[in-house]
Amino acid sequence: MKFTREQNAKRVWLEFKDLLTGTAFPIILQLILSASIILFADYTEEIALSVAALLFGEFLLNGAYAVFGRQNGITAYRHTVQGEKKRSLQPDDVAARFKTGEYAVWKGIVIGFISVVPFAVFQFVNCLAPNTFCEFLLQYAFGWAVFPFRLIGQAAGELSQWLNFVWLIIPVGVHTGAYVWGAAV
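Residues numbered from 1 in each chain as written. Predicted model: local features only at pLDDT ≥ 70, side-chain atom pairs only at ≥ 80, totals over all residues. Heavy atoms only, no water.

A. Region of the structure containing unusual backbone geometry. Within the chain, lysine 99 stands out as a residue other than glycine whose phi angle is a positive 60 degrees. Along the chain, the position of lysine 99 falls in the loop between helix H3 (94-98) and helix H4 (105-128). Relative accessible area serves as the criterion here: at 40%, lysine 99 is assigned to the partly exposed category. (Helix = DSSP H or I, 4+ residues; strand = E, 2+ residues; numbered from the N terminus. Buried < 20%, exposed > 50% of the residue type's maximum accessible area, 1.4 Å probe, protein only.)

In structure tokens, the structure reads:
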């Protein structure tokens, strides 16, 4: 289907808003869990208790990503079914022709990725130019990605800050898998 430049701009904007809506709760939960349960792992002197708190927090975070990813997939699939019905009944409905909010696997990946972008930005800045502000935010807002290698580093020696980027894979993967699962239900 051909769209005008204005229609394409509106389509992109509506799709972007839909993607941001899907990321809202995962971002809020990663902040809450990092500032509470996972942060507890840093305050205890007992290494076993630190590991247990970290594992519990990571379990809750990934569980939340699975729940919200599944719900995002269910919602997107419902939008797809409703959009198909609208397009068959009202072929001139521009909003239905845009297919905004409808299911596509790439959207599950992008939603998961957008939710970890704030961490990636602060981690990147902190790796290039270590500073107190970024360290504070990484510790209190993104502990889910900072504390695992910090705890390993306590036992094995100092590890590179760049390793923390590995943790981006887990929430993106969990959200994507749950998104696909939600659409299949």
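B. Structural context of the nonpolar core. Leu54, Val116, Phe119, Phe142, Trp144 and Leu168 are the most contacted members of the largest nonpolar core, which totals 24 residues. When residues of this core are traced back to their parent elements, those giving at least two are helix H1 (5-43), helix H2 (47-89), H4, helix H5 (132-141) and helix H6 (143-156). Looking at this core element by element, the count peaks at six residues for H6. When neighbours within four sequence positions are excluded, tryptophan 144 is seen to be in contact with Gln30, Ser34, Ile38, Glu58, Leu61, Val116, Phe119, Trp167, Leu168 and Pro171. (Core = buried A, V, L, I, M, F, W, Y, C linked by side-chain atoms within 4.5 Å. Contact = heavy atoms within 4.5 Å.)

C. Representation of the pattern of salt bridges in the model. This structure, assessed with the given rule, holds three salt bridges. A salt bridge links lysine 107 to glutamate 15; the nearest nitrogen and oxygen atoms lie 2.9 Å apart. Taken together, the residues span a long stretch of sequence, with lysine 107 in helix H4 and glutamate 15 in helix H1 at a distance of 92 residues. With respect to burial, lysine 107 and glutamate 15 carry one shared label: buried. (Salt bridge = Lys/Arg side-chain N within 4 Å of Asp/Glu carboxyl O.)

D. Summary view of the packing of aromatic side chains. Applying the stated criterion across every chain yields a total of twelve aromatic pairs. Seen in terms of ring centroids, phenylalanine 122 and phenylalanine 133 are 6.1 Å apart; in terms of plane orientation they differ by 65 degrees. Their pairing is edge-to-face. In this pair, phenylalanine 122 sits in helix H4 while phenylalanine 133 sits in helix H5, placing the two residues eleven residues apart along the sequence. For phenylalanine 122, a relative accessible area of 24% corresponds to the partly exposed category. Note on phenylalanine 136 and tyrosine 140: the rings are 4.6 Å apart at their centroids and 45 degrees apart in plane angle, and the pair reads as tilted. One end of the pair is phenylalanine 136 and the other is tyrosine 140, both in helix H5 and four residues apart, which spans about a single turn. The exposure class of phenylalanine 136 is partly exposed, given its relative accessible area of 48%. (Phe/Tyr/Trp six-rings, centres within 6.5 Å; stacked < 30°, edge-to-face > 60°.)

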